[in-house]
Every structure is written in structure tokens, then in C-alpha cells.
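Observations on the model geometry
Residue-level listing of the chains:
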Amino acid sequence: MGLTYQSTGRSTTREIFNVHNAGSELVIALAGNPNTGKSTVFNALTGLRQHTGNWPGKTVLRAEGSFIHGGRHYTLIDLPGTYSLHANSVEEEVARDFLCFAKPDATVVVVDGTCLERNLNLALQVMEITDNVIVCVNLIDEARRKNMHININKLSNALGVPVVPTAARGGEGLSELMAAISDVALGRVVPKPVLVRYSDAVEKAIAQVEPKVREIIGAHINTRWVALRLIDGDTKLVQAIQRYYNDQESKQAEAALEVLA
Amino acid sequence: MNSEAAVGNLLEEAKTIIGDQQAGIRDGIVKSIYDTSENITKDVVSYTSANRVDWDRKIDNIITSPVWGFPIMFGILAVIFWVTIAGANYPSEFLAAQFFWVQDRLTELFWALNAPDWLHGFLVLGVYSALAWVVSVMLPPMAIFFPLFTLLEDAGYLPRVAFNLDRFFKKAGAHGKQALTMSMGFGCNAAGVIACRIIESPRERLIATLTNNFVPCNGRFPTIIALASLFIAGSVSVTIASAIATLGVAVIVVFGIAVTLFVSWLLSRTLLKGEPSSFTLELPPYRKPQVGQVLVRSVIDRTIFVLSRALVIAAPAGGLIWIMANNTVGDTTILAAAANWLHPFAGLMGLDGYILMAFILGFPANEIVFPILIMSYVSGGTMVQMESLADLRHLLIDQHGWTWLTGLSTVIFALCHWPCGTTLFTIQREQKNWRWTLLAAILPAGIGIIICITITALARALNLV
Amino acid sequence: MNNSTPLNRLGNGCCALVTELNAEGLTRRRLLDLGLVPGTKVEVIRRSPLGDPIAFNIRGAIIAFRKEEAEKVLVVQVS
Ligand SMILES: Nc1nc2c(ncn2[C@@H]2O[C@H](COP(=O)(O)OP(=O)(O)OP(=O)(O)O)[C@@H](O)[C@H]2O)c(=O)[nH]1
Ligand SMILES: [Mg+2]
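Residues numbered from 1 in each chain as written. Chains lettered and ligands numbered in written order. Predicted model: local features only at pLDDT ≥ 70, side-chain atom pairs only at ≥ 80, totals over all residues. Heavy atoms only, no water.

How big an interface is tends to be expressed through the accessible area that disappears when the partners come together. Across the contact, 56 residues belong to chain B and 65 residues belong to chain A. Carbon and sulfur atoms supply 60% of the area buried between chain B and chain A, which totals about 5700 Å² over both sides. Linking chain B with chain A are three salt bridges, by the criterion used here. Of the charged contacts, one joins A:Asp232 and B:Arg26 as a salt bridge, the two residues approaching to 3.2 Å between their closest N and O atoms. Put simply, chain B and chain A have 16 residue pairs in polar contact (both at pLDDT 80 or more) between them. Breaking the side of chain B that touches chain A down by element, the ones donating at least two residues are helix 1 (3-18), helix 2 (22-44), strand 1 (45-47), helix 5 (117-155), helix 6 (158-171), helix 7 (178-187) and helix 12 (291-326) of chain B. In terms of residues, the side of chain B that touches chain A owes the most to one element, helix 2 of chain B, which gives 15 residues. Taken together, the residues that form the side of chain B that touches chain A break down as 28 nonpolar, 13 polar and 15 charged. (Contact = heavy atoms within 4.5 Å. Buried area = accessible area lost by both parts, 1.4 Å probe. Salt bridge = Lys/Arg side-chain N within 4 Å of Asp/Glu carboxyl O. Polar contact = N/O pair within 3.5 Å; in protein donor to acceptor, adjacent residues only side chain to side chain. Helix = DSSP H or I, 4+ residues; strand = E, 2+ residues; numbered from the N terminus. Nonpolar A, V, L, I, M, F, W, Y, C, P; charged D, E, K, R; others polar.)

Metal coordination angles in their ideal form are 109.5 degrees for the four-donor tetrahedron and 90 or 180 degrees for the six-donor octahedron. All names here are of chain A. Of the protein atoms, only Ser39 (OG) and Thr59 (OG1) coordinate the magnesium ion (ligand 2), at distances of 1.9 to 2.0 Å. In this pair, Ser39 is assigned in helix 2 (residues 38-46) and Thr59 in the loop between helix 2 and strand 2 (63-69), connecting sequence segments 20 residues apart. Side by side, Ser39 and Thr59 carry an identical accessibility label, which is buried. (Donors = N, O, S within 2.8 Å, 3.2 Å for Na, K, Ca; no water. Buried < 20%, exposed > 50% of the residue type's maximum accessible area, 1.4 Å probe, protein only.)

Applying the stated criterion across every chain, the model contains zero disulfides over all chains. No disulfide involves B:Cys416; its sulfur sits 7.7 Å from that of B:Cys452, the nearest cysteine. (Disulfide = S-S within 2.5 Å.)

So, on to the sheet that holds strand 5 (residues 61-65) of chain C. Overall, antiparallel pairing links the seven strands, which are arranged 2(B)-5(C)-4(C)-3(C)-2(C)-6(C)-1(C) in an open sheet. Edge positions in the sheet fall to strand 2 (280-282) of chain B together with strand 1 (5-6) of chain C, since each of these pairs with one other strand and no more. Two elements, strand 1 of chain C and strand 6 (residues 73-78) of chain C, share two bridges in a ladder whose sense is antiparallel. Within strand 6 of chain C, the residue paired with C:Pro6 across the bridge is C:Leu74. (Pairing = 2+ DSSP bridges.)

So, on to a nonpolar patch on the surface. Residues B:Trp404, B:Leu408, B:Leu458, B:Leu462, B:Leu464 and B:Val465 make up a contiguous nonpolar surface patch of roughly 570 Å² in combined accessible area. Its place among the elements puts B:Leu464 in the segment after helix 19 (434-461). (Patch = residues over 30% accessible without salt bridge, like charges linked within 9 Å, V, L, I, M, F, W, Y side chains within 5 Å. Areas by Shrake-Rupley, 256 points an atom, 1.4 Å probe, with all protein chains shown as cover.)

Near ligand 1 you find 25 residues, and of these A:Lys38, A:Thr40, A:Gly57, A:Thr59 and B:Arg287 are the closest. One finds residues of chains A and B in close proximity to ligand 1. Within the contact set of ligand 1, an oxygen atom lies 3.5 Å away from a backbone nitrogen or oxygen of A:Asn54. A distance of 2.9 Å is found between an oxygen atom of ligand 1 and a backbone nitrogen or oxygen belonging to A:Ala168. Look at ligand 1: alone it shows 660 Å² of surface, and the protein chains cover 99% of it. For the shell around ligand 1, the secondary-structure elements that each account for two or more residues are helix 2 and helix 5 (140-145) of chain A. For the shell around ligand 1, the leading source of residues is helix 2 of chain A, giving three residues. In terms of residue class, the shell around ligand 1 is built from six nonpolar, twelve polar and seven charged. (Near = heavy atom within 4 Å.)

Such coordinate-based values are descriptive only and should not be taken to indicate function.
And the structure:
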């Protein structure tokens, strides 16, 4: 038997992550660098009052909330901020595992408009894991104050995903953001992320490893990304895959037992 | 096929494909991603006019300057304390007056209804008056201090504090972000303990966790303020009194920071040996806080928080105190018996039995310690009703023989004793090791007891009291 | 590279390009992920009142390192 992620519903994986929603709700993750306004966006969308503060690392516990848009229920997850998804720290691991295994219906990467270069680094990494990405260029008011102009259309074309400028604290751009989220989550808009081209050596290695990944893991997790991480020698990801695979099996077994009983 | 092994095998295969290029490949992957973001950014960002004044840099030039950095830090702390002390006075008086007026009416009502004495005692003199004390003495300082602190946090000052102080933490073998977790501790030690998650290295996170309690949380802060004001007020004019009280509180807080550094140093040389790990700290741009919103929200937040805790914890504690004060074992009340039993040890520390008992009964929540103390004094003594805060001074000094040493020891023990129940519970949840949780309780309590006993012995030997 | 110096040796206000990271494992990864890949421009912004840590502008963010980390980043100074 191979790894059978496909055969188990997403709801099981989400149970492992303790996401509390009925199967029909759409799950949206908020990722991004520290201190870019994720919790502020979260509060603005859900009406909750997550703590915010002007220092990196304010959110350490994952928060969950919900909102309704166009008659649909959305569950929003506020992840801790990270500089990358290379699992160098617990937060990075949490964020990566969530995107990789809980498979949110859409992921909003909240980036700091005044510091795009540093923030896109993370957005590009998220786009390697999942296609359903919306980039939210937050702190656009601060960018304006610094006389910066960001060409949103051009950015959207360069990334291949919807880009929405916001000033979450002032409420600017939030309805557009909600619309973009629902477009992507419901499949009305299908993002086509423009992926990073690596050096020839890396690309060649990916081409060799990726088919094997597909053979064993199937297409449930982005195979190009898994191949890349393997080439990078990411043992933690391998462990994570094995762990979640085990959890899934035991959940399945439990479910089977329940049916029998 | 065993698929777990298969995933593991993949890693091996990838390794053989890469061969000896591994090191270069890792760097290359990160570089490719950054290069891509750099190129995209160049493409999409333009500046309408260059040479903008960099205010952040100008502000940081002052706030982190070798000359002004520390005085400004101390100054900001002092201003916040001063505003809290001076500002809490009026609402405290006002709330106390209201609450005790209502208490009198309640008493009349109970009499009118011919309710039994014990019922009136338990509900009005016990439960209600505990609530009244918590709300009138504890709430105002909390509702002023916390919002001010939130403003600082929102402006972006906290990372600068960490930047300024890091050298000390490094010397102590601790992590620079401990300054941030301590800042969170001012609000609530349990929150401070959770914030320790931002510290990557387990060793340094544990140090930060074990020492967080040396920062007086919002529930202990008003006790320190109240005592500082009580001992100084009356002797001088109001303005000078609050200035001196401010200084006293600031000294206590700085003392707490010094103890934190010392204990961190001690831990990293004994139980938690090790080198300071890597430390990176981002200094975000200053942002103008939304003053109105922050103030209104955090005042409301604090009020709800304190009120709900008061209902759940202070009210039952008040009832308990009344029961203890009105039931006897032998020929004394349970309350007096317990206080007498604690008294010899408490006396060594410069306290009395009632004070130590209040700290013990305050284990569920620190904000009830001082109210419990007042209530035990009131119910055990001759004075039955307290009409205003001015009576407090009379109660402590004239009726219960407090000296400056009693005040100082109480303040020090408020700063250094076991963490409240919630904090210990949080430490256990975060560390999942009861030994560390136990140490987190014993360490500050032990240190507080030692300091108090030493000061008391010295003061007595030198005939200062 | 012969004329490269550790980052912590540069004075405030100096700019430099990263040439090499003198670190392995997790530390190296963290430094890379913060954007310190070879060729990156770094500006020394300021020192803490007690001289350590030092804050740098790395790709638009101000990030402070202790001396121990900063000396692992080798750079060449540019004007
Ligand atoms: N001017 C401005 N400030 C904002 C905006 N969005 C957020 N902020 C402020 O930026 C700071 C950081 O916001 P948070 O929401 O706490 O950031 P976060 O991404 O959740 O941070 P971490 O939890 O540390 O990862 C806070 O002080 C917010 O008030 C915005 O659109 N404009
Ligand atoms: Mg947050």
C-alpha cells in the first residue's frame, strides 16, 4: 500500500490540526513575515480581537475565527509570522505543516508593502507549496507615506496570483480582499503561481527526484516542492510526512472500528 | 511496500543525485528565491520623490543612544508609573465611596428583611466587600497602566528596549528577547510565560520562563503602588507624595529587573549551563498608535478581565475570610489562629501572620492579596467599616503596627513570591515538566524569603525599627 | 576572498556586500533566510548603547545581531 492521502478526506488532516469547522466551511490561512499585520487583518475580517503589537513575534498561539461572505462560511487561521518556511524554528515548522498538510482552501500571504523584497521571499515559498494563494500587500498607507508606489497589476502578473493592497488598520481594501479570498477558495479564480527558477543543477535534480516523489506520495502534496526540499536535505519534512501519514492511518483505523461497532 | 521507509529512501536517493554539491545547493536555493523577489520588487516599486526624512532613524538616534538610551527608558517607565499613581487616586476614592455607600444600603436592606446575621455577614461583609476592595483599589491602577503600556507596544518601543538591554542579558547567559517577554509580564505573568515561545533555544526559554515572575504583573502592581503611596502620603503635599511614590515604585521595578538578571545568570551557570544561543531581533519601523482606540479598548478589556476574575476568585475568597473570622477554634477565630500560627515565621521576614496568610490565600490571583489583607484586618479588629482610603493608613499603621520595614518587606514579597495559580498552570502547560513548574514556584519564593529575612535582621540589628 | 572582513568590524554607516557565511547548519540557514545570501548589500545602522548588539539594514528591514553572529558574516566594504 502506498501513502494514501488521497483516500482520506481533508477533514481528517484538519482534525489533526484542530481546525474546528464543519466539513462545508472553507478554511483560509493567513501567513506572512512577522509584524506585517496578519493579526490586524484577521481581526478586521473576523471581528475578533487577537492581540496585535508593533514587534515581531507578538502572535505565538495560532488563532482561529470565522466570517461570512456571499452566504458562505469561512474559517480563518492566523498563523505565527515567519521569515521562511524552511522549518528552522518551531513557528516555521507549524506554518509549513499547516500549509502542507491541512491544505487550506486558500492562503493569504500578508506582506509588508514598505519592505516588499524581504516579504516576497516568503510569498514565493508559499506559492511553491500551494497554488491557491492571494497576496495581501498590507501597510499600504505606510508605503504611501514613504512616497512609495507599488504597481499592483504588475506584481500580480509577476507572481501569477491575485494581489490586493490593504491598510488593514484603517479598514482599507478589506472588502476587495474578502472578494479575492472567496474567488480563489470557490475556484472562480484559479491562480497560476509563477515559480522560482533554480540553477540548472537544482532543476536537473528536481526533474530526477520529482517522478519518484509522485510515485510514493501521490499528487496530494506539491511534488515539485517536496522534491526541492528533499534535495535541500530537509529531514524534518520527511519526518513530518511520516508523522502525518501515521496519524492518518490511525484515524482511518479508528473510523473503521467505529463503523464496525 | 512500507511507505514510511519509502519516504526515507527518497531522501537517500536525493542525496545520491546531489552528491557532494549539497552545501552549495542549499545556499543556491535560498539565493534564487531572494534574487527572484529582488527582481520583482525592482520591477513593481517606484518612488515618487526621494530624500524623504528618515524619522525612524532620527528617533532611534536618540532612543538607543549611548547617552540618552537608558535615561529615556527609565524616564518613560517613571512617567507611566507617575501617571498611574497620580491618576488612580481619584477614581479609587470615588469607587470606594460608591461601593461602601452601596454596602451600607445593602446592610439596611438585610436588616429590613430580618435576614439572619450570618447571611448578611457572609454576603455583604464577605463576598461583597471583597469585590468592592478589588474593584476600588486594584482596578484603577490596572486600567491606567495597561493601556499606557499598550501604547508603547503599539508605537514599537519594546524592541528598542530589548536592543538596549541585550548586553545585560547576554552577560547573564540569557536571550535578548527575554526583555520582550518581561514586558509582556507587566501585563500578566501567564502571558509573559506564553510569550517565551519567541525564544528559540529551549535553555534560554526556560530561563525566561522561570524568571518572568520577578516582573510585577498587573495584579501585584497596584499593591506595590498602594503601599508606596500609603507610606509617603500624608506626610507631604499630594504632588510631592506621588512623585516620591513613583520613584519608590520605579526602584522596586528596577530591583525586580536586577533580580531577574542575577537569577538568569545563576541559572545559566548552574542548572541550565550553556552558551547564549544566536540572537536576531528585528527593529520594526515606529508606527503611530491609534491612541483613542487603543485606550478605549484596553481600558474596557482590563475592566472586564478584572471584574470577571474578581467575581470568580475574590468573591469566594471574601466569603471564606468572613467564615474564618466568625468561627472559632478554642477561644480564637480560625482567622486569628491561622495568623498566629504563621506569625513567628512571618515575623522573621518583617511581616505579620495576616500578611503572609493573605499571600497564601492570594495564590489563585495576585490581585486579591491586598484586599484579603484589608478584610482580615477589618474583620479581626475593632474597626468594622472602612469609609475611605484614608482609613487604610490608619488601619495598617495605627491599628496593626506597620512600620516602614513591614511596608518594605510586604512590597518585596509581593515582587518575589510564588507565581499565581494561572501562571504556574501555564508554565506546566508550556514546559510539560512538573520539576520546572515546582522550581518556578520555589525559586522566587525562596529568594523573596531570603531577602526579607536579611533586611529584617539587618534593620533590627542596627536598631532601625 | 582576501579583503573580506567580519561584519561586526565595520563602523556605523558603512555599507558592504556579503561574500561568505562562516557558519554551518542551523545558524547558516537562519542567516541565509534573513536574506544574507552572497552579494547582498548590508548597511551598518547603529550599535546598542553598550556596543553590542549591532543593527543592520538587510533588504529593507533593520535587524540586530550579537557580535557572535555578526562576525560569522564576511563582507567587503563598498562606498
Ligand atoms: N499603519 C498601519 N499599521 C498597521 C496596519 N496593519 C497593521 N498595522 C500595525 O502593525 C503592527 C503589527 O500588526 P500585527 O497584526 O500584530 O502583525 P502580525 O503580522 O500579526 O505580527 P506577528 O504576530 O508578530 O507575526 C501593529 O502595531 C498594527 O497596529 C496598516 O495597514 N497600517
Ligand atoms: Mg500576529
